[in-house]
Amino acid sequence: MQKPIMAVTGDETAATGDMPTYQIRAPTTALPQGVVMAASPGSLHSPQQLAEEATRKRELRLMKNREAAKECRRRKKEYVKCLESRVAVLEVQNKKLIEELETLKDICSPKPD
DNA sequence: GCGCTTCAACGTCATGTTGG
DNA sequence: CCAACATGACGTTGAAGCGC
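What counts and what doesn't
Within each chain, residues carry numbers counting from 1 in the order of the written sequence. Here the convention is simple: chains get letters from A, ligands get numbers from 1, in the order in which they are written. Local features in this predicted model are restricted to residues of pLDDT 70 or higher, and side-chain atom pairs are both shown and tallied only at a pLDDT of 80 or more, whereas totals for entire chains, interfaces and linings draw on every residue. Side-chain numbers here rest on the full set of heavy atoms in the structure, without hydrogens or water. Helix and strand assignments come from DSSP, with helices taken as H or I runs of at least 4 residues and strands as E runs of at least 2, each series counted from the N terminus. Burial here depends on accessible area, computed with a 1.4 Å probe over protein chains only, as a share of the maximum for the residue type. Under 20% is buried, over 50% is exposed, and the range in between is partly exposed. Between two residues, a contact is recorded if the distance between any of their heavy atoms is within 4.5 Å. Here, Shrake-Rupley sampling with a 1.4 Å probe gives the accessible areas, and only protein chains in the shown set may cover a residue. UniProt positions are given in the numbering used here, feature names are shortened, and annotations may be inferred rather than shown by experiment. Multiplying one less than the number of residues by 1.5 Å gives the expected span of a helix. Any carboxyl oxygen of Asp or Glu within 4 Å of a side-chain nitrogen of Lys or Arg constitutes a salt bridge here. The pLDDT value tells you how sure the predictor is about a given residue, anywhere from 0 up to 100.

A. Just the overall build of chain A, in detail. Within chain A, the secondary structure is distributed over 1 helix and 0 strands. Classification of the 113 residues of chain A by burial places 7% in the buried group. A fraction of 60% describes how many contacts in chain A between residues 6 or more apart in sequence connect residues 24 or more apart. If you sum the accessible surface of chain A, you get close to 10,600 Å²; carbon and sulfur atoms cover 60% of it.

Here is the structure:
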């Protein structure tokens, strides 16, 4: 099953100049709770041990990716909220400018005599 | 109460990006 | 170059709302 190639736009900030904070990479050091480091590869021999090691690695990868996905969604929600509040501010600003323009038009328009 | 639709949150996979 | 990370895509699941 092939997936379509994703287009990488990178234009997230083009329109607004906002920082796409949800894309910022957080420094990660600590392992999630309950994660035990695997034995060093040098100490593995039997196919059984190799299989167990592969399983551990896979579970560790899945666990890390699960956490990464949660964090990614959290940042994205925050980013969308931020954009929405900016939209609200700009709409108010736009409305005020339109009103001001109408007022100025009234003042400047030639009066019929 | 029941089947349905919708929505949000989630887990996983595939793949792009980046630092060492 | 590669391991680790970030994120888009997709399927699943449970809760909430709605008409019957």
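B. Seen up close, the UniProt feature "coiled-coil region" (unreviewed entry) in chain A. UniProt records the feature "coiled-coil region" (unreviewed entry) at residues 80-107, using the numbering of this structure. For residues 80-107, helix accounts for 100% and strand for 0%, while the C-alpha atoms at its two ends are 41 Å apart.

C. Here's a closer look at helix α1 (residues 47-108). For α1, built from 62 residues, the straight-helix expectation of 92 Å at 1.5 Å per residue is met to within 8% by its first-to-last C-alpha distance of 88 Å. Among all positions of α1, only E53, R75 and Y79 are buried.

D. Region of the structure containing the pattern of salt bridges. In this structure the tally under the stated criterion is 6 salt bridges. With its nearest N and O atoms 3.5 Å apart, the salt bridge here joins E71 to R75. Pair noted here: E71 and R75 are both in helix α1, with a separation of 4 residues, about one helical turn. The buried category is assigned to R75, whose relative accessible area is 17%.

E. Representation of the environment of Y79 in the model. Topologically, Y79 is positioned in helix α1. Classification of Y79 by relative accessible area gives buried; the value is 5%. As for Y79 and L97, which are separated by 18 residues in sequence, their C-alpha atoms are 27 Å apart.

F. How the structure looks around the confidence of the model for chain A. For chain A, mean pLDDT is 72; residues scoring 70 or higher make up 59% of the total. Confidence drops under a pLDDT of 50 for residues 1-21, and excluding neighbours within four residues, the segment shows 15 contacts in the predicted structure.

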